[in-house]
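Listed here are the chains, written in short residue letters.
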Amino acid sequence: MIYRPSFFGLLVIGFFFSLTISPVLAVELNGSVTNVTGSAVTIKLEGNLLPQIDDPVAINESIPGLGSLPLEGEWKITRVTPEEIIAEPIGESSQPQAGQLVIIQSSQPSTATTLQTDVSETYQRGLNYLNGNQGVERNATKAFPLIHSAASQGHIPAQIKLAYMYSIGRGVAADKTESFMWSRKAAMQGDLVSQYNIAVDYYQGRGVAEDKTEATKWFRKAANKGHLKSQASMGRAYYKGYGVSQNYAEAASWYTKAAQRGDIFSQRRLGLMYDQGEGVPQSSATAYDWYKKAAAQDDILSQKQLGFMYWNGKGISKDKEKAFYWFRKAARQGEVGAQRLTAMCYRRGTGTTKDLDKAIYWYRKAAAQGDEDAKEELAALNTTPGHVPQNHVSSTEKPRANQVPAGAAQMIAQIQSTDGAQQQRGAKLLARSAFKTDPAVLSVLRDELLKGATLNPRDKHHVDAMAWLCKILGTSGDKSYQTTLKKVSSTTRSRKIKKYARKYAANLR
């Protein structure tokens with residue numbers, strides 16, 4: 001018996017057959033090339049639809065008498081944001097030009113709103129894995145592909161985070177070149193911290209060939225938009241002639257911008273420039289003012305300079321007691337010259353009560369750092385660098401910085417760097433180390449917190465480092481740091497630092 005399907009049966013079979021062989025219809029998106037970098041192109045589309053990553057692209061050129069013909073080669077979409085669409089060639093291709101017509105075949109085009117929502121959600125899922133938020137187990141390896149996906153679609157916070165993950169090897173093998181590349185993508189979109197970071201990369205040859213001219217270009221981009229560290233860096237570039245012709249007047253101009261906003265290094269440098277008349281009219285009084293601003297933020301070199309100014313009556317009335325005050329303040333923080341000068345004051349009884357034991361104590365500190373003059377003074381006092389004074393030297397004479405255990409030195413150096421990512425790494429490592437309760441370490445961290453809490457509120461790495469310092473001080477059990485944390489909570493512009501400072505100040509009650 002031969003089966004003969006009914007007419008209805010044929011319709012059903014035909015319908016299902018058509019489902020198995022019919023391709024999904026693509027939407028044709030039309031636009032034009034607006035910019036060409038190498039063979040990669042920037043595209044502007046008509047309408048409000050956006051393509052997907054890897055959608056195929058055809059670029060057409062107009063030939064008189066023949067009309068519009070496709071260029072040789074194939075392109076695909078490599079980057080999509082509401083502001084920018086980039087296509088790059090697959091293999092060999094002709095050189096495109098601005099103004100040429102573009103056709104994109106997209107199977108699932110999206111609107112700008114949908115794209116932003118999807119990318120933001122992808123990034124947030126990555127952050128949840130990275131930080132262990134929203135009940136998700138912390139897993140940097142799972143976080144990486146999600147953050148990478150969002151970064152590839154132009155999400156600036158994801159690009160910044162991805163650069164950080166590559167820089168320290170979190171969730172992926174450390175790769176300075178990849179870190180630089182992702183920082184540069186964020187910088188190209190106008191992120192000021194990323195512009196500063198790649199400038200430092202160019203300057204140091206980190207992940208990219210050293211190029212001080214390129215470094216200065218990126219410092220300038222961020223500085224012109226008000227980035228504090230970049231303004232200070234522009235001052236340094238002009239002062240040293242890095243990437244630009246040396247120009248003291250330009251250096252003073254940039255240093256002034258940064259110094260007026262509280263940058264310690266710029267304040268000290270301006271003090272020196274006014275002191276010596278470099279690029280500005282010589283003015284000891286103005287030099288004094290800038291040194292004092294930096295010294296008030298515990299800059300040890302400015303503290304020593306103030307000591308000299310009071311000692312010599314330069315820019316201010318001569319005052320040996322105030323000179324001694326500033327010398328000793330810098331000495332306590334480990335400045336070798338100030339240690340020798342403090343010893344001299346105690347030896348002579350200048351600006352303070354004469355005390356040979358204290359003089360020996362400070363000469364020994366300077367000699368231990370290799371100061372030859374201090375060694376000679378010790379010999380003149382019939383002692384040696386290993387001599388222990390007979391009288392007890394009070395704890396107020398002991399310099400904090402020199403007591404830091406050797407094992408904590410590297411972490412302290414990271415915290416004291418100008419790189420936010422290094423500061424963050426050093427603070428986290430120290431918080432998990434056995435040195436976090438060491439009195440000398442805590443004293444240094446207090447100084448770094450007071451100095452750093454008011455700086456760079458938009459640098460997430462720096463802010464996180466300061467939050468860690470709040471936690472370390474607040475869990476030390478030393479109630480004297482409650483005052484420090486209260487001061488930080490009242491002066492910082494960062495909500496995160498303020499939150500942690502308040503929390504851990506309360507912890508010390």
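Because the structure is a prediction, the values reported are computed rather than measured.

Visitor: Teacher, can you tell me more about the overall build of the protein chain here?
Guide: A tally of helices and strands in the protein chain yields 22 helices and 9 strands. In the protein chain, which comprises 509 residues, the share counted as buried stands at 44%. Long-range pairs, those at least 24 residues apart, make up 55% of the contacts in the protein chain between residues at least 6 apart in sequence.

Visitor: Explain the nonpolar core to me, please; I cannot follow it from the model alone.
Guide: The nonpolar side chains of a soluble globular protein tend to be buried, and buried together. Counting residues in hydrophobic clusters, the biggest one holds 56 residues, and the most contacted among them are Phe219, Leu270, Met273 and Tyr363. Looking at this core, the element that brings in the most residues is helix α15 (residues 356-368), giving 7 residues. Residues within four places of phenylalanine 219 in sequence aside, it is in contact with Tyr196, Ala199, Val200, Ser230, Ser233 and Met234. Counting residues in hydrophobic clusters, the runner-up holds 31 residues, among them Ala431, Ala440, Leu485 and Ile497.

Visitor: Mind showing me how you'd approach the packing of aromatic side chains here?
Guide: Geometry of an aromatic ring pair is reported as the spacing of the ring centres plus the angle between the planes. A full pass over the atoms with the stated rule returns 13 aromatic pairs. With 5.7 Å between their ring centres and 50 degrees between their planes, tyrosine 196 and phenylalanine 219 make a pair best called tilted. Note that tyrosine 196 is positioned in helix α6 (residues 192-204) and phenylalanine 219 in helix α7 (residues 212-224), a separation of 23 residues in sequence. Here tyrosine 196 matches phenylalanine 219 in class, with each residue buried. Each residue in the set Phe308, Trp311 and Phe327 is aromatic and connected to the rest through ring pairs, giving one cluster. Above the ring of tryptophan 218, the side-chain terminus of lysine 221 is found at 5.3 Å from the ring centroid. Its end group placed over the ring of tryptophan 290, lysine 293 keeps NZ or CZ at 5.8 Å from the ring centre.

Visitor: For this particular structure, what's the right way to read helix α20 (residues 460-474)?
Guide: Given 3.6 residues to a turn, an α-helix orients residues that are three or four positions apart in the same direction. Compared with an ideal rise of 1.5 Å per residue, which puts 15 residues at 21 Å, α20 spans 21 Å between its outermost C-alpha atoms and is within 8% of the ideal. With 13 of 15 residues buried, α20 lies mostly within the body of the structure. Of the residues that open α20, the one with a side-chain oxygen 3.1 Å from the backbone nitrogen of histidine 461 is aspartate 459.

Visitor: Please clarify how the packing of helix α21 (residues 481-491) against helix α22 (residues 495-507) should be interpreted in this entry.
Guide: For any two helices packed against each other, the geometry comes down to the angle between their axes and how far apart the axes lie. For the pair α21 and α22, interaxial distance at closest approach is 8 Å and the crossing angle is 150 degrees. Considering their axes alone, α21 and α22 lie roughly antiparallel with respect to each other. Relative to α22, α21 is oriented so that their crossing is left-handed. Contact residues: α21 offers Gln482, Leu485, Lys486, Val488, Ser489 and Ser490, while α22 offers Ile497, Lys498, Ala501, Arg502, Tyr504 and Ala505. Its residues placed into classes, the contact of α21 with α22 shows 6 nonpolar, 3 polar and 3 charged.

Visitor: Would you take a moment to explain the packing of α7 against helix α8 (residues 228-240) for this structure?
Guide: Running from N to C, α7 and α8 cross one another at 140 degrees; their axes reach a closest spacing of 8 Å. One finds that α7 runs oblique with respect to α8. Crossing of α7 over α8 shows left-handed handedness. Within the contact between the two elements, α7 uses Thr216, Phe219, Arg220, Ala222 and Ala223 and α8 uses Ser230, Gln231, Ser233, Met234, Ala237 and Tyr238. When its residues are assigned to classes, the contact of α7 with α8 shows 6 nonpolar, 4 polar and 1 charged.

Visitor: I'm lost on the confidence of the model for the protein chain in this one. Help?
Guide: Do not read the predicted coordinates in detail wherever pLDDT is low. Averaged over all residues, the pLDDT of the protein chain is 85; the fraction at 70 or higher stands at 89%. For the protein chain, helix α1 (residues 7-21) is the element with the lowest average pLDDT, namely 45, and helix α9 (residues 248-259) is the one with the highest, namely 97. Throughout residues 15-23 the model reports pLDDT below 50, and contacts reaching past four residues in sequence, or to other chains, amount to 0 contacts.

Visitor: What's the story with the pairing of strand β2 (residues 40-45) in this structure? I'm lost.
Guide: Counting buried positions along β2 yields 5 of 6 residues, so the element is predominantly enclosed. Here strand β1 (residues 27-37) runs beside β2; their pairing, made up of 6 bridges, is antiparallel. Its bridge partner being in β2, glycine 31 is matched across the sheet by leucine 45. Remark: 2 residues form the turn of the hairpin made by β1 and β2, two consecutive strands paired antiparallel; glycine 38 in that turn has positive phi of roughly 70 degrees. Judged from the 3 bridges that link them, β2 and strand β7 (residues 85-90) form a sheet pairing that is antiparallel. Counted as the bridge partner of valine 41 is alanine 87 from β7.

Visitor: What is the right way to read the pattern of salt bridges from this model?
Guide: Here the idea is simple: oppositely charged side chains can pair when their charged atoms come close. Scanning the entire structure with this criterion turns up 14 salt bridges. Note that aspartate 299 and arginine 268 form a salt bridge whose closest N and O atoms lie 2.8 Å from each other. One end of the pair, aspartate 299, is in the loop between α11 (284-295) and α12 (300-312); the other, arginine 268, is in helix α10 (residues 264-276), and 31 residues separate them in sequence. Here arginine 268 falls in the partly exposed class, since its relative accessible area comes to 21%.

Visitor: How should the environment of glycine 313 be read in this particular structure?
Guide: Turning to its location among the elements, glycine 313 is positioned in the loop between α12 and α13 (320-332). In this structure the C-alpha to C-alpha distance between glycine 313 and alanine 323, which are 10 residues apart in sequence, comes to 9.6 Å.

Visitor: Looking at this structure, I do not really get unusual backbone geometry. What am I missing?
Guide: One can expect most non-glycine residues to show negative phi and most peptide bonds to be in trans. At glutamine 134, a residue that is not glycine, the phi angle is positive and equals roughly 55 degrees. By secondary structure assignment, the location of glutamine 134 is in the loop between α2 (112-131) and α3 (140-152). Using a relative accessible area of 69% as the deciding quantity, one classes glutamine 134 as exposed. One non-glycine residue with positive phi stands out, namely aspartate 298, at about 70 degrees. By the secondary structure assignment, aspartate 298 is in the loop between α11 and α12.

Cut-off values and rules
Residues numbered from 1 in each chain as written. Predicted model: local features only at pLDDT ≥ 70, side-chain atom pairs only at ≥ 80, totals over all residues. Heavy atoms only, no water. Helix = DSSP H or I, 4+ residues; strand = E, 2+ residues; numbered from the N terminus. Buried < 20%, exposed > 50% of the residue type's maximum accessible area, 1.4 Å probe, protein only. Contact = heavy atoms within 4.5 Å. Core = buried A, V, L, I, M, F, W, Y, C linked by side-chain atoms within 4.5 Å. Phe/Tyr/Trp six-rings, centres within 6.5 Å; stacked < 30°, edge-to-face > 60°. Lys NZ or Arg CZ within 6 Å of the ring centre and 35° of its normal. Expected span 1.5 Å × (residues − 1). Polar contact = N/O pair within 3.5 Å; in protein donor to acceptor, adjacent residues only side chain to side chain. Axes fitted to C-alpha atoms, helices over the stretch in contact; angles between N-to-C directions. Parallel < 35°, antiparallel > 145°, perpendicular 65-115°, else oblique. Left-handed = near helix turned anticlockwise from the far one by under 90°. Nonpolar A, V, L, I, M, F, W, Y, C, P; charged D, E, K, R; others polar. pLDDT = per-residue confidence, 0-100. Pairing = 2+ DSSP bridges. Salt bridge = Lys/Arg side-chain N within 4 Å of Asp/Glu carboxyl O.

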